[in-house]
Structures are given as structure tokens and as C-alpha cells.
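Structural overview
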Amino acid sequence: MGWSGKPAAPRPERLIGALVPPAMRRSAPPIPLTVPALPRLSLPADARSEPLLLDVARLDASGRFCSRSLLAALAWAPGERVDLRVGVDAVVIASSAAGRQAVGSRGELTLPVSTRMLAGLTMEAQVVLVAVPTRDLLIVHPPPLIARLLAAHYCRQPENQDDG
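Residues numbered from 1 in each chain as written. Predicted model: local features only at pLDDT ≥ 70, side-chain atom pairs only at ≥ 80, totals over all residues. Heavy atoms only, no water.

1. Topic: the environment of Q126
Counted only if it meets this: For the purposes of this entry, the term helix denotes a DSSP run of H or I that reaches at least four residues, the term strand denotes a run of E that reaches at least two, and both are numbered from the N terminus. Only protein chains enter the accessibility calculation, which uses a 1.4 Å probe. A residue is then buried if its area is under 20% of the maximum for its type, exposed if over 50%, and partly exposed in between. Only heavy atoms enter the contact rule, under which two residues are in contact if any of them lie within 4.5 Å.
Relative to the helices and strands, Q126 is located in strand 7 (residues 126-132). A relative accessible area of 39% means that Q126 is categorised as partly exposed. For the pair Q126 and L59, spaced 67 residues apart in sequence, the C-alpha to C-alpha distance is 6.2 Å. Other than its neighbours up to four places away in sequence, Q126 contacts V56, A57, R58 and P143.

2. Quick look at the sheet that holds strand 8 (residues 137-141)
What counts, and what does not: We treat two strands as partners when DSSP finds at least two bridges between them. In this description, a line fitted to the C-alpha atoms serves as the axis of each element, helices being fitted only across the stretch in contact, and the angle between N-to-C directions of two axes falls anywhere from 0 to 180 degrees.
Sheet architecture is open: 6 strands sit in the order 1-7-8-4-3-5, paired in antiparallel fashion. At either margin of the open sheet sits one strand with a lone partner, and together these are strand 1 (53-58) and strand 5 (101-102). Relative to strand 4 (residues 90-95), strand 3 (residues 81-87) is paired through 6 bridges, and the arrangement is antiparallel. Counterpart to D83 in the pairing with strand 4 is A94. Contacts from helix 3 (residues 143-155) reach strand 7 and strand 8 within the one sheet, and its direction differs from that of strand 7 by about 70°.

3. Points about unusual backbone geometry
Despite not being glycine, A75 shows a phi value in the positive range, around 60°. In this structure, A75 sits in the loop between helix 1 (68-74) and strand 3. The residue D136 is not glycine, and still its phi comes out positive at about 60°. With respect to the helices, strands and loops of the structure, D136 is situated in the loop between strand 7 and strand 8. Residue class for D136 comes out partly exposed when judged on its relative accessible area of 26%.

4. Overview of the pairing of strand 7
Where burial is concerned, most of strand 7 is hidden: 6 out of the 7 residues are buried. Of the strand pairs in this sheet, strand 1 and strand 7 are connected by 6 bridges, and their pairing is antiparallel. Bridge assignment links D55 to a residue of strand 7, and that residue is L129. Bridge analysis of strand 7 against strand 8 gives 5 bridges, and the strand direction is antiparallel. Among the inter-strand pairings, V132 is bridged to a residue of strand 8, identified as L137. Once strand 7 ends, the chain turns through 4 residues before running back antiparallel as strand 8, passing D136 with a positive phi of about 60°.

Shown next, in the form of C-alpha cells:
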């Protein structure tokens, strides 16, 4: 069994089974899920005829905020059951006998983390509160929305030149 002087014939390359992943069939391409549209939040057709009360509050790390003046205007006492609806850039809180949430013992309301995320509210953010006492509603808005609305309003105003 010595060396014959001739080069050995090349052996075909073999793969080591333990190192080669098993062949997998390609699955069908993923079908994107349809995201349901958020409900359209509606105020009265003529919002100017109904009083709107405003306040600014800060959410704490748990999503709680308090506005005693607006709660008094809405006549919501501690223990009052409320329900939340999430829209784009807003959370609408309405009094509801079967509501899942309640006004806290110190007059605070809590926005769950999922609600805050859907409405674009960041942790410990300031919020603009709009109460509509005639409809028993409290609407929570992020400040950037109010800033965009005010910017659009000011852009439509004619420029006043002060010659004085």
C-alpha cells in the first residue's frame, strides 16, 4: 500500500449532513393584515353653539391626570363610571353606567397604555382637555395637534402691518 507515484483521483465532495440545514419549502408570501379604521370622532354640527371648556393637564407615568374644574363642569364625582373611545389624535371620555373605567377617589382619570399609544400620547406628556358639558364628554388631545390647528388658523389670517 505504498505510494504508486500517480496522483489520486479526485473524490467528489460530500456534504456533512449534520452541518447542512434541511431543505425547506417556501411558504406563500405573507398576507398583510388589514387594520380597522379608527372611529371618526364627531362633535356637534355647530360646535360654536355649545360651550367648550379647556384645560391643560400632565399625564403621570401611569397615565393619570386630573382636572377638577372640568370634572365639576361635567358633574363627574369620584366613582363615576366612564368609557373611553380612541380616535386619531384624541381620546373621548364619556359618562357611561357600564363604563370600564371610573373617576378616581381624588378626581383623577386614567388612560391605559394601549389607549395612549393609539392616540399618540407619550408618557408623562401634557395634554389639552376639552369638555363638552352638554354632551357629557371630555376629549383629550396631544399638544402637537392643537399647535397644528393654531398654526393653520394663523396662516389664514391677513397680515397686519403696523405703521406706527
